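Topology and contacts: notes
Residue-level listing of the chains:
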Amino acid sequence: MQDQIANIVDKLRAGQARAAVKPARVLARKNPGHPDIAKLYGIALHDSGQSAEAASQLARALRLAPDDEDIKRYLVAALLALGKPAKACAALEKWLAASPGSAELHHLHAGCLLQLSRPEDAIAAADKALSQQPSHVPARALRGLAQFEQHRFAAALEDFRTAFRAESANPQHLLNIGAAQNELHRHDDALSSFRKATELAPGNIEARQNLAAMLARTGQLTAARAEYRAILDQAPDTVAALLGLAEIEDGAAADVIAGLEAAARLHRREAATVALIRNALGRLHLQAGATEPALAAFERANALRARAAPYDPPAAEAQLAAIAAQFPENAPAPPAQKTPDKRPVIVMGLPRSGTTLVERMLAAHPAVQGLGELGAIENAMAAILGGATLTPAQIALAYGRDVPDLPETISAFVDKMPGNYMYMGYLRLAFPHAVFINIDRDPREVAFSMWQVHLQGDMTRYTSRMDWIAHAANLYRRYMALWHSRFPGDILTISYRDLVTDPVGSSQKLALACGLDWVADMAAPDKTKGAVSTASIKQVREPVHDRSLGKWRAHPALMAPLVSALDPALWPELAQEQGRPPL
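Residues numbered from 1 in each chain as written. Predicted model: local features only at pLDDT ≥ 70, side-chain atom pairs only at ≥ 80, totals over all residues. Heavy atoms only, no water.

1. Quick look at the packing of aromatic side chains
To describe a pair of aromatic rings, you give the distance between the ring centres and the angle between the ring planes. A full pass over the atoms with the stated rule returns 13 aromatic pairs. Aromatic pair Tyr 421 and Tyr 479: ring centres 5.7 Å apart, planes at 70 degrees, arrangement edge-to-face. Of the two residues, Tyr 421 sits in helix α23 (residues 420-430) while Tyr 479 sits in helix α25 (residues 466-486), which places them 58 residues apart along the sequence. An aromatic cluster of three or more residues is present, and its members are Phe 327, Tyr 426, Trp 483 and Phe 487. In this structure, Arg 441 is placed above the aromatic ring of Tyr 496, and the distance from its NZ or CZ to the ring centre is 3.9 Å. (Phe/Tyr/Trp six-rings, centres within 6.5 Å; stacked < 30°, edge-to-face > 60°. Helix = DSSP H or I, 4+ residues; strand = E, 2+ residues; numbered from the N terminus. Lys NZ or Arg CZ within 6 Å of the ring centre and 35° of its normal.)

Rendered as structure tokens:
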């Protein structure tokens, strides 16, 4: 029997879990009361992806050996794989009541709590594990992940670095370090960490994927293409690599198109994945000049997304009403807030309206740091819309957690999250000295652009249908009307058309609004260094151009649902253009 057990262990250590299942099953049936055999059978089932059978078998093994932490660890992993974190947490709490000094159980508890979206409780559980065993590397790495979830990126980075010092052969720690550095806008450091992870584990697809994506974000497109293609040489059906390559590829890229078509067939039952693939195919066809196949691919992508993640117009209306109710007319001005060292420049507008272009113009100034789409206000807004009452000082504190430490030479930073237009009032109360810049672009141009780009996240669900885009565009104008009425003179509105037809004059207006001396580099944002993480990743490396103006006009049938649903009272310039008076 010992030889049979050794054979099963050898197979598991060699990563041959499927081959270990049958002999483990036979041995377990012959020896139903043997705890080690029961455990090995459960581990073989777990490692071969048979989570339900593994959970059942490991529960039997635990009854035979109730103090075996290996069994508990694998049982928790099986329950998590089955999507049952609450059940895993309940079991862990029972075990911890009997063994409160177990670092491993506290670590496992932290992992379950993180799965339940309870990062603060996960941090507390990881702290208990580390208090019992300071050298417990998995607990430290997990605490870093929980800190990361809470946007405490500097604390997360420190935990990841400590874990890496203890396990310098583990590339996952380097990937975690790079992710934290990226969030701290230390892009060169992040690139270095991802490169080291790839050197440490050349066959690690995740490491190479992160390296390729970071190269693309920092404008090193040739190197990024090479990394994506190296991934595809190793694993041709890697969807993330195909999508990344489609985003930055030049030319027709027939092999990428073929790879994406094959991936669409392979993942045909995964609507969200197929939507991404179809969108990427549309962009590649468009780039190759094949307009009809491109439009057909975009149509299929958006139809899939609309079904999988529908937009909720009544909920969006209710949010506007709730926010407007908190900003009544003639409300007394709030007390002045302490002015931070770095001045926020809040760039607002619909997605694809030119917010990235404005950020790049501003970031070309030596005293300005572009921070991309911070999303820093979103956690505070989730609490406010959930019924919490936050003071302007509390909002400023919550926002500030996402702002990295900036060099002394920087006097202002840019947050270009387009959706900031919904929350501008709260930002204005929190930062009275901030600069607010609204980018106004023809909604038909915005819609045509959004319809061709898969914008992920709940806030952009409306982008998959033209009538939904019209509703969101009307809401955008209503939000801006609210803020103009409540904070008159506090918002600089600049048109996208002016940005692309007169970059010198537009950048001078931006500099003046921000209290900066204009520099000529601001009119050439394609030369601005720095990473980009939005759908504009390739476009921002091109000189300013006006090629996108009016492209929607060539597709009247596609645009008709949008055009008919735009409120002429909110878009009087369009009503006048179409020869009818605004309401």
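2. Some remarks on the packing of helix α14 (residues 221-234) against helix α15 (residues 239-248)
Two numbers describe how α14 lies on α15: the axes approach to 9 Å, and their chain directions differ by 155 degrees. Taken together, α14 and α15 sit at an angle that is classed as roughly antiparallel. Seen along the crossing, α14 lies across α15 with a hand that is left-handed. Along its contact with α14, which presents Leu 221, Ala 224, Arg 225, Tyr 228, Arg 229, Ile 231 and Leu 232, the element α15 presents Ala 240, Ala 241, Leu 242, Gly 244, Leu 245 and Ile 248. When the residues that make up the contact of α14 with α15 are grouped by side-chain class, the tally is 10 nonpolar, one polar and two charged. (Axes fitted to C-alpha atoms, helices over the stretch in contact; angles between N-to-C directions. Parallel < 35°, antiparallel > 145°, perpendicular 65-115°, else oblique. Left-handed = near helix turned anticlockwise from the far one by under 90°. Contact = heavy atoms within 4.5 Å. Nonpolar A, V, L, I, M, F, W, Y, C, P; charged D, E, K, R; others polar.)

3. A few points about the nonpolar core
Among the nonpolar cores identified, the biggest contains 68 residues, and Tyr 399 and Trp 483 are the most heavily contacted of them. A per-element tally of this core places α25 first, with 12 residues. Apart from residues lying up to four places away in sequence, Tyr 399 is in contact with Ile 346, Leu 374, Ala 376, Ile 377, Phe 413, Asp 415, Leu 427 and Phe 431. (Core = buried A, V, L, I, M, F, W, Y, C linked by side-chain atoms within 4.5 Å. Buried < 20%, exposed > 50% of the residue type's maximum accessible area, 1.4 Å probe, protein only.)

4. Here's the deal with the pattern of salt bridges
Evaluation of the coordinates by the stated rule reveals 24 salt bridges. The closest approach of N and O atoms between Asp 159 and Arg 140, which form a salt bridge, is 3.6 Å. Here the residue Asp 159 occupies a position in helix α10 (residues 153-166), and Arg 140 occupies one in helix α9 (residues 137-149), the gap between them amounting to 19 residues. The pair formed by Asp 159 and Arg 140 is uniform in burial state, with each residue classed as buried. The salt bridge involving Glu 249 is made with Arg 229; its shortest N-O contact spans 2.7 Å. Placement of Glu 249 in the loop between α15 and α16 (254-266) and of Arg 229 in helix α14 is noted, with a sequence separation of 20 residues between them. (Salt bridge = Lys/Arg side-chain N within 4 Å of Asp/Glu carboxyl O.)

5. Points about the side chain of Asn 182
You can see Asn 182 is positioned in helix α11 (residues 171-183). By relative accessible area, Asn 182 is classed as buried at 18%. Residues within four places of Asn 182 in sequence aside, it is in contact with His 187, Ala 190, Met 214 and Arg 217.

6. Examining α25
The first and last C-alpha atoms of α25 sit 30 Å apart over 21 residues, in line with the 30 Å expected at 1.5 Å per residue. The element α25 is largely enclosed, with a buried count of 15 among its 21 residues. (Expected span 1.5 Å × (residues − 1).)

7. Quick look at the sheet that holds strand β4 (residues 435-440)
The sheet built from five strands is open, its strands ordered β2-β3-β1-β4-β5 with parallel pairing. Bordering the open sheet on either side are β2 (368-370) and β5 (491-495), each of which pairs with just one other strand. With strand direction ignored, the average angle separating the axes of adjacent strands in the sheet is 25 degrees. Both strand β1 (residues 343-348) and strand β3 (residues 412-415) contribute to a ladder of four bridges, which runs parallel. Considered in β3, the bridge of Arg 343 is made with Ala 412. (Pairing = 2+ DSSP bridges.)

8. Some remarks on the packing of helix α2 (residues 17-30) against helix α3 (residues 35-47)
At a minimum axis distance of 8 Å, the contact between α2 and α3 shows a crossing angle of 150 degrees. Taken together, the axes of α2 and α3 are roughly antiparallel relative to one another. Two packed elements cross with a definite hand, and for α2 against α3 that hand is left-handed. Judged by residue contacts, Ala 17, Ala 20, Val 21, Ala 24, Arg 25, Leu 27 and Ala 28 of α2 engage Ile 37, Tyr 41, Ala 44, Leu 45 and Asp 47 from α3. Per-class residue counts for the contact of α2 with α3 are 10 nonpolar, no polar and two charged.

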